[in-house]
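Residues per chain are reported as follows:
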Amino acid sequence: MATEDEWHEARTRFVEHETGRGRGGNGDRAGSVSVHAQPDLGPLAAEFVGLSLDLFSVPPETGVVGVLERVVRRAAAIVPSAAMVSVTLRESDGTFHTPVETDPLATRADGIQYDTGEGPCVEATASSSSGFTASTDLAHDDRYPRFGPRVVDLGLTAVCSTGMFPGGDPPRLGALNYYFRDPAGLADVDQDAMLILASYAAVALHAARGVEAEKLRSAQLTEALQSRDVIGQAKGILMERRGADADQAFDILRRASQDLNIKIRDIARTIASRRAEL
């Protein structure tokens, strides 16, 4: 799994390649790709090159939410007929939540899917689905007798969802959801483009989660080392003042922790910081 430094280095290399800023920064090196330098680039290709630049320029500290905010903006650009776009994330316990959307109403509509267990996003995240699920008539869709009418009451008549990853065997990480006020807008969508975008989103999401996990592990290791050091200091003070050996000194800390219901490291930190008063 990539560390934060590796993710940053990869992102930098990619951005330099795409914008032609590498090797002297003149933008003319062989093999460079620039969106602005290729007027014949098709609109769909330009959109995905732009998405790549977006995702690789996201600072690691922005985390998962920062990546997904870029994704929904690109999704809205790829499907302009959609009234709103949202991201569904599937947790390891099978529950769903919506971390980002282009309109708060989409979060309400997503919540109805989660509550009823019905809807395209629920289906699109299942490993048995094709990765693309849609409904052009939510008011009369027999598949969604509880979800459909409630969403129509919100003014939304059609919806489609693409799973992340499409075509994968395990349950997907989540789905991109597109809501329409006019079902005619759904007739013109490019399913291939939407599935490709979902794949991009899944890769970016996986990388962002890896960076966050690495940062958490690093913070936990730092805390563990700091706790060990301060406990060692407290043991040394008790050994000196009480004439105890290492095991006896730690037992004093352990019993004090139990009696006072305070973590050993906090007691140790107090002893170490108030050594002169003991």
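Residues numbered from 1 in each chain as written. Predicted model: local features only at pLDDT ≥ 70, side-chain atom pairs only at ≥ 80, totals over all residues. Heavy atoms only, no water.

A few words on the overall build of the protein chain. Looking only at helices and strands, the protein chain features 10 helices and five strands. Here the protein chain, with 278 residues, has 41% of them falling under the buried criterion. If you take every contact in the protein chain between residues at least 6 apart in sequence, the share linking residues at least 24 apart comes to 60%. In the structure as shown, the protein chain presents an accessible area of about 14,700 Å², 51% of it carried by carbon and sulfur atoms. (Helix = DSSP H or I, 4+ residues; strand = E, 2+ residues; numbered from the N terminus. Buried < 20%, exposed > 50% of the residue type's maximum accessible area, 1.4 Å probe, protein only. Contact = heavy atoms within 4.5 Å. Areas by Shrake-Rupley, 256 points an atom, 1.4 Å probe, with all protein chains shown as cover.)

A few words now on the side chain of Thr-125. As for its placement among the helices and strands, Thr-125 is situated in the loop between helix 5 (120-124) and strand 3 (132-135). Of the polar contacts made by the side chain of Thr-125, one reaches the side chain of Arg-90; its length is 3.5 Å. (Polar contact = N/O pair within 3.5 Å; in protein donor to acceptor, adjacent residues only side chain to side chain.)

Looking now at the environment of Ser-273. Looking at the element boundaries, Ser-273 is found in helix 10 (residues 264-273). Along the backbone, Ser-273 and Gln-233 are 40 residues apart, and their C-alpha atoms lie at a distance of 9.7 Å.

On to the packing of aromatic side chains, then. Per the stated rule, a full pass over the model turns up two aromatic pairs. Plain terms: the ring middles of Phe-96 and Tyr-114 are 5.5 Å apart, the flat faces sit at 15° to each other, and that makes the pair stacked. Of this pair, Phe-96 sits in strand 2 (residues 96-101) while Tyr-114 sits in helix 4 (residues 104-116), and the two are 18 residues apart along the sequence. Between the aromatic rings of Tyr-144 and Phe-147, the centroid separation amounts to 5.9 Å while the plane-to-plane angle is 80°, which identifies the pairing as edge-to-face. Just as Tyr-144 is buried, Phe-147 falls in that class too. (Phe/Tyr/Trp six-rings, centres within 6.5 Å; stacked < 30°, edge-to-face > 60°.)

When the terminal C-alpha atoms of helix 4 are compared, their 19 Å separation across 13 residues agrees well with the 18 Å that a helix rising 1.5 Å per residue should span. Along helix 4, the positions that sit buried rather than exposed are Leu-105, Ala-106, Ala-109, Asp-110, Gly-111, Ile-112, Gln-113, Tyr-114 and Thr-116. Against the buried residues of helix 4 lie strand 1 (84-90), strand 2, helix 5, helix 6 (147-152) and strand 5 (174-180). Residue Asp-103 occupies the N-cap position of helix 4, its side-chain oxygen lying 2.8 Å from the main-chain nitrogen of Leu-105. (Expected span 1.5 Å × (residues − 1).)

Take the side chain of Asp-110 next. On the secondary structure map, Asp-110 appears in helix 4. With no salt bridge to any partner, buried Asp-110 finds its closest opposite charge in Arg-108, at an N-O distance of 11 Å. Side-chain polar atoms of Asp-110 contact the side chain of Ser-86, separated by 2.6 Å. (Lys, Arg positive; Asp, Glu negative; His and termini not counted. Salt bridge = Lys/Arg side-chain N within 4 Å of Asp/Glu carboxyl O.)

Glancing now at the pairing of strand 5. Taken across its seven residues, strand 5 has seven buried, putting it largely inside the fold. Alternating positions in strand 5 separate into two faces, Gly-174, Leu-176, Tyr-178 and Phe-180 on one and Ala-175, Asn-177 and Tyr-179 on the other, with burial throughout. Pairing of strand 1 with strand 5, which is carried by six bridges, proceeds in the antiparallel orientation. Opposite Val-87, over in strand 5, you have Leu-176 as the bridge partner. Relative to strand 5, strand 4 (residues 158-164) runs antiparallel, the two being bridged by seven bridges. By the bridge assignment, Val-159 is partnered in strand 5 with Tyr-179. (Pairing = 2+ DSSP bridges.)

Our next topic: the pattern of salt bridges. Using the criterion set out here, one finds two salt bridges in the structure. As a salt-bridge pair, Glu-118 and Arg-146 come within 3.1 Å of each other at their nearest N and O atoms. Of this pair, Glu-118 sits in the loop between helix 4 and helix 5 while Arg-146 sits in the loop between strand 3 and helix 6; the two residues are 28 residues apart in sequence, bridging distant segments of the chain. Of the residues examined, Glu-118 reaches a relative accessible area of 11% and is grouped as buried. For the salt bridge of Asp-141 with Arg-143, the shortest nitrogen-to-oxygen distance reads 2.7 Å. Taking the relative accessible area as the measure of exposure, Asp-141 reaches 15% and is therefore buried.

This part is about the environment of Ser-81. Of note, Ser-81 is situated in the loop between helix 3 (63-78) and strand 1. With 101 residues separating them along the chain, Ser-81 and Asp-182 place their C-alpha atoms 8.5 Å apart. Setting aside its immediate chain neighbours within four residues, Ser-81 contacts Phe-180, Gly-185 and Val-189. In terms of polar contacts, Ser-81 uses its side chain to reach the backbone carbonyl oxygen of Gly-185, at 2.9 Å.

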